[in-house]
Amino acid sequence: MKKKILITNRLPREHFTMLEKRFEVVMPDSERFPAEELARWLPRISGMISSTAFPVTDAVMARAPELKIVASYGVGYDNIDVAAASRRGIVVTNNPVPVLEPTAEHAYALMLALARRIPECDRALREGNARWGLMNNLGTSLFGKTLGIVGMGRIGRAVRRYAAASRMRVLYHNRRRLSENEERELGVEYAALDTLLRESDIVSVHLPLTPESRHLFGAEQFRMMKPSALLVNTARGAVVDNAALAEALRVGEISGAALDVFEGEPKILPELLELDNIVLTPHTGTNTVETRERMSFHAARNIIRFFEGDPDIDRVN
């Protein structure tokens, strides 16, 4: 009898052909499983591919006694209780490679949209309120500005490449400082977080959500930034204190922000929706046809390799 692999959210089934050749794949017909259907399947599954929208708690794992591996569909795995998985002997993997370029691309797109006020001008034209003229709708150029990257991992390094196209000076802050050779090759300068915030024209966030990074950006940090500064977050919503950000934007402590992720998403703090100096996207950093195909392939490959005894998986515990 084939092992059963549960996929927590509806995805293109054709992307999982390689998985279906070896296992019985269980996937919801709608966006997610009804509670009663999930309860029926959990005791019978050996593996799971989970999106960030599905909390894989200790209680969920307790209802799946045959579960051996949880493969996160994305790079983030803060929806998975990794400590509980480790206690239960369940392997957790993530999916870092496919999300790299699309997330960096989206971060750069948000920088451009925010700096040049593209969504704001689009809304004004559609609503018949556009102001024409040489001194109206003035944005700011990215060319030659200072970009501060907080989190110089794979995605942060990819964002640095996009910044090079705009001839931007790049400061970075990271838990571990890069070697001198790495800094020279990348063309980046290390800075303490306070220094980065004070000197950057744009700050781009690329951190995982951990107890240490939760609300790393709050009222105190916004007061350190330039009044003309822009903040872009494509990492995790709770790295930024959303209420403090809304207030900083409202009173002009910083000039603008672009968010692809939010605290408590899909709910969004109403104060953010009332602001014109913010660009919002509904967690679409990896939402391209090509990326979904690659993410499905890599998540499925982690499952297959695990059950074949191949150690070459993206293991996080």
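Notes on the structure follow.

Here we come to the overall build of the protein chain. A count of helical and extended segments in the protein chain gives 13 helices and 12 strands. At 21 Å, the protein chain has a C-alpha radius of gyration in line with the 20 Å of a compact globule built from 317 residues. Taken along the three principal axes of its C-alpha coordinates, the protein chain extends 70 × 50 × 30 Å. Here the analysis covers contacts within the protein chain between residues at least 6 apart in sequence; of these, 59% occur between residues at least 24 apart. About 15800 Å² of surface is accessible on the protein chain, with carbon and sulfur atoms providing 51% of the total. For the protein chain, the distance from the average site of its 42 positive side-chain charges to the average site of its 41 negative ones is 3 Å.

Aromatic ring pairs are reported here in terms of the distance separating the ring centres and the angle at which the planes meet. Tallied over the entire structure, the rule returns 4 aromatic pairs. Ring plane angle 55° and centroid distance 5.5 Å describe the contact between Phe23 and Phe307, whose orientation is recorded as tilted. Of this pair, Phe23 sits in the loop between helix 1 (17–20) and strand 2 (24–26) while Phe307 sits in helix 13 (residues 289–308), and the two are 284 residues apart along the sequence. On the basis of relative accessible area, Phe307 is assigned to the partly exposed category, the value being 25%.

Judged by pairing direction, the sheet is parallel, and its 5 strands sit side by side in the order 2-1-3-4-5 without closing on themselves. The two strands at the open ends of the sheet, each matched to only one other strand, are strand 2 and strand 5 (91–93). Strand-to-strand twist of the sheet, defined as the mean angle between neighbouring strand axes without regard to direction, takes the value 20°.

The 7 strands lie next to each other as 8-7-6-9-10-11-12, forming an open sheet whose pairing is parallel. Of all the strands in the sheet, just strand 8 (188–190) and strand 12 (278–280) have a single pairing partner and so form its edges. Strand-to-strand twist across the sheet, computed as the mean angle between neighbouring axes with direction ignored, equals 20°. Two strands pair when backbone bridges link them, and strand 9 (residues 202–205) and strand 10 (residues 230–233) are joined in this way by 4 bridges, in the parallel orientation. Counterpart to Val203 in the pairing with strand 10 is Leu231. Each of strand 6 (146–150), strand 7 (169–173), strand 8 and strand 9 is contacted by helix 7 (residues 154–165), which is oriented at about 170° to strand 6, the strand it contacts most. Sitting on the sheet, helix 11 (residues 242–251) is in contact with strand 10, strand 11 (256–259) and strand 12, with an inclination near 145° to strand 11.

In an α-helix, one full turn covers 3.6 residues, which means residues spaced three or four apart are oriented alike. Between its first and last C-alpha atoms helix 13 spans 29 Å; for 20 residues at 1.5 Å apiece the expected length is 28 Å, and the two agree. Among the residues making up helix 13, those that are buried are Thr291, Met295, Ser296, His298, Ala299, Ala300, Asn302, Ile303 and Ile304. Against strand 1 (4–7), helix 1, strand 3 (47–50), strand 4 (69–72), strand 5 and helix 5 (100–115) lie the buried residues of helix 13. Two residues or fewer past helix 13, Gly309 is found with a positive phi of approximately 80°.

We now examine the pattern of salt bridges. One pass over the full model with this rule turns up 17 salt bridges. A salt bridge links Glu120 to Arg117, with the nearest nitrogen and oxygen atoms 2.8 Å apart. Across the salt bridge formed by Asp310 and Arg305, the nearest N and O atoms sit 3.9 Å from each other. Several salt bridges converge on common partners, so that one network encompasses Arg169, Glu189 and Glu199.

In this section: the layout of surface pockets. In this structure, the second largest pocket encloses a volume near 300 Å³. Residue lining of the second largest pocket: 23 residues in total, with Leu114, Ala115, Thr140, Leu230 and Ser255 positioned closest to the centre. Contributing elements (two or more residues each) for the lining of the second largest pocket: helix 5, helix 6 (118–127) and strand 12.

Quick notes on the rules
Residues numbered from 1 in each chain as written. Predicted model: local features only at pLDDT ≥ 70, side-chain atom pairs only at ≥ 80, totals over all residues. Heavy atoms only, no water. Helix = DSSP H or I, 4+ residues; strand = E, 2+ residues; numbered from the N terminus. Rg over C-alpha atoms; globule rule 2.2 N^0.38 Å. Contact = heavy atoms within 4.5 Å. Areas by Shrake-Rupley, 256 points an atom, 1.4 Å probe, with all protein chains shown as cover. Lys, Arg positive; Asp, Glu negative; His and termini not counted. Charge placed at Lys NZ, Arg CZ, Asp CG, Glu CD. Phe/Tyr/Trp six-rings, centres within 6.5 Å; stacked < 30°, edge-to-face > 60°. Buried < 20%, exposed > 50% of the residue type's maximum accessible area, 1.4 Å probe, protein only. Pairing = 2+ DSSP bridges. Axes fitted to C-alpha atoms, helices over the stretch in contact; angles between N-to-C directions. Expected span 1.5 Å × (residues − 1). Salt bridge = Lys/Arg side-chain N within 4 Å of Asp/Glu carboxyl O. 1 Å grid on protein atoms, 1.4 Å probe; cavity = no way out; pocket = protein on both sides within 12 Å on 5 of 7 lines; lining within 4 Å. Points joined across faces, edges and corners; volume = space filled by probe spheres on them.

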